[in-house]
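# Remarks on the overall topology
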Amino acid sequence: MNPIFIDKIEILKLYKRVDTHTHKGIQGHALIIGGSYGKIGAVCLSSKAALKSGCGLVTAFIPKCGYEIVQISIPEVMVLTDVQEKFISNITFDIKPQAIGIGPGIGQEVATQTAFHEFLKTNKTPLVIDADALNILSQNKSWLSLLHPKTIITPHPKELERLIGKWNSEPEKIEKTITFSKQYHLIIVMKGAPTHIIDGDTIYENTTGNAALATAGSGDVLTGMITSLLAQSYEPINAAILGVYLHGLTADIALPETGYQSFVASDVIANIGKAFLSLENKD
Ligand SMILES: NC(=O)C1=CN([C@@H]2O[C@H](COP(=O)(O)OP(=O)(O)OC[C@H]3O[C@@H](n4cnc5c(N)ncnc54)[C@H](OP(=O)(O)O)[C@@H]3O)[C@@H](O)[C@H]2O)[C@@H](O)CC1
Ligand SMILES: Nc1ncnc2c1ncn2[C@@H]1O[C@H](COP(=O)(O)OP(=O)(O)O)[C@@H](O)[C@H]1O
Ligand SMILES: [Mg+2]
């Protein structure tokens, strides 16, 4: 099956300019759920990326140990904490986000697994699932049926393998991912070089990005970006496509200054603005 290439022409068909009369209350509220002791950075990266991708409000739901870390490193982000100090054990909140991203740095404690299960049973908000939340699903495959249609999952190759099993060739990998996408009605962002997005039988192939992205936390940033676009009322497939395109573009923009080696996940965030601006240029 031939992929649809995600390039600037395709992106301009779905990109929505910011309305002059908008305000933070209608620009979308994203909730990022994740973090555990030693991995609060994943939530900092994800929630900052969400803010820098245009949503009006961002809240992070984290274990207690991350409270000051997030408040000090990103004062624009609001914070809700779990009752536990080092991991998430009970996901409850009284806000009404338009999109939720769950998984960066969340870990796989038994209590976290149970909390994630309870969350999936009641959640009705558009969702992006990443990292350890995907690993938890791999260990509890019956929970996949709780996911609403068009839920976005963002596995790297190892996380994908844990979900769908091993493959022997690239075509078989794509074929198995299509079957999985159809079985659970999921949008699957197959992260890699290049990243493919699978939505049932439709395959998209991204054209931006480079090896500078092979750095800790760059996937956590992508989760924040897609969650932000989802909160801004992009259709789930368009949020995934635009998020992946912009994420890759940041590395293409930064490369002449950072080189491959010194590009870090925070450089993705620092270049999101330039990536958006390039969509406003004629060339
Ligand atoms: N600052 C923070 O707080 C950070 C927190 N983080 C958080 O940590 C948690 C664990 O996440 P994680 O992805 O590091 O661990 P895990 O799922 O075992 O996968 C690792 C293995 O997968 C493979 N692999 C990966 N990419 C591949 C590729 N392109 N192509 C092929 N293989 C690939 C590779 O396997 P190998 O090839 O070595 O067998 C590798 O060893 C998670 O919650 C995350 O959010 C991190 O984001 C970092 C920054
Ligand atoms: N060689 C590469 N070329 C292009 N993109 C890459 C390359 N290596 C990694 N990436 C991208 O970087 C991101 C890595 O995500 P992930 O493995 O989840 O990182 P982390 O969990 O550390 O945040 C993905 O978007 C992936 O497509
Ligand atoms: Mg990751």
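Residues numbered from 1 in each chain as written. Chains lettered and ligands numbered in written order. Predicted model: local features only at pLDDT ≥ 70, side-chain atom pairs only at ≥ 80, totals over all residues. Heavy atoms only, no water.

The protein has the name ADP-dependent (S)-NAD(P)H-hydrate dehydratase in an unreviewed UniProt entry, where Flavobacterium zhoui is given as its organism. Heading Subunit (unreviewed entry) of the UniProt record for the protein holds this comment: "Homotetramer." Of the protein, the UniProt comment under Cofactor (unreviewed entry) reads exactly: "Mg(2+)". (UniProt positions renumbered as here; feature names shortened; annotations may be inferred.)

On to the packing of aromatic side chains. If you walk through the whole model with that rule in mind, you get two aromatic pairs. Ring geometry for Tyr-15 versus Phe-276: centroids 6.3 Å apart, planes at 40°, classification tilted. Here Phe-276 lies in helix H11 (residues 272-280) and Tyr-15 lies in the loop between helix H1 (8-14) and strand S2 (29-33), a separation of 261 residues in the sequence. Here Tyr-15 and Phe-276 have matching classes, each one buried. Of note, Lys-16 hangs over the ring of Tyr-234, and the distance from its end group to the ring centre comes to 4.6 Å. Taking the ring centre of Tyr-37 as reference, the NZ or CZ of Lys-86 above it sits at 4.5 Å. (Phe/Tyr/Trp six-rings, centres within 6.5 Å; stacked < 30°, edge-to-face > 60°. Helix = DSSP H or I, 4+ residues; strand = E, 2+ residues; numbered from the N terminus. Buried < 20%, exposed > 50% of the residue type's maximum accessible area, 1.4 Å probe, protein only. Lys NZ or Arg CZ within 6 Å of the ring centre and 35° of its normal.)

Time to look at the state of the cysteines. Going through the model one piece at a time under the given rule, you end up with zero disulfides. Just so you know, Cys-55 is unpaired, no disulfide at all, and the nearest cysteine sulfur is the one on Cys-44, 16 Å from it. Cysteine Cys-65 is unpaired, with the sulfur of Cys-44 as its nearest cysteine sulfur at 11 Å. (Disulfide = S-S within 2.5 Å.)

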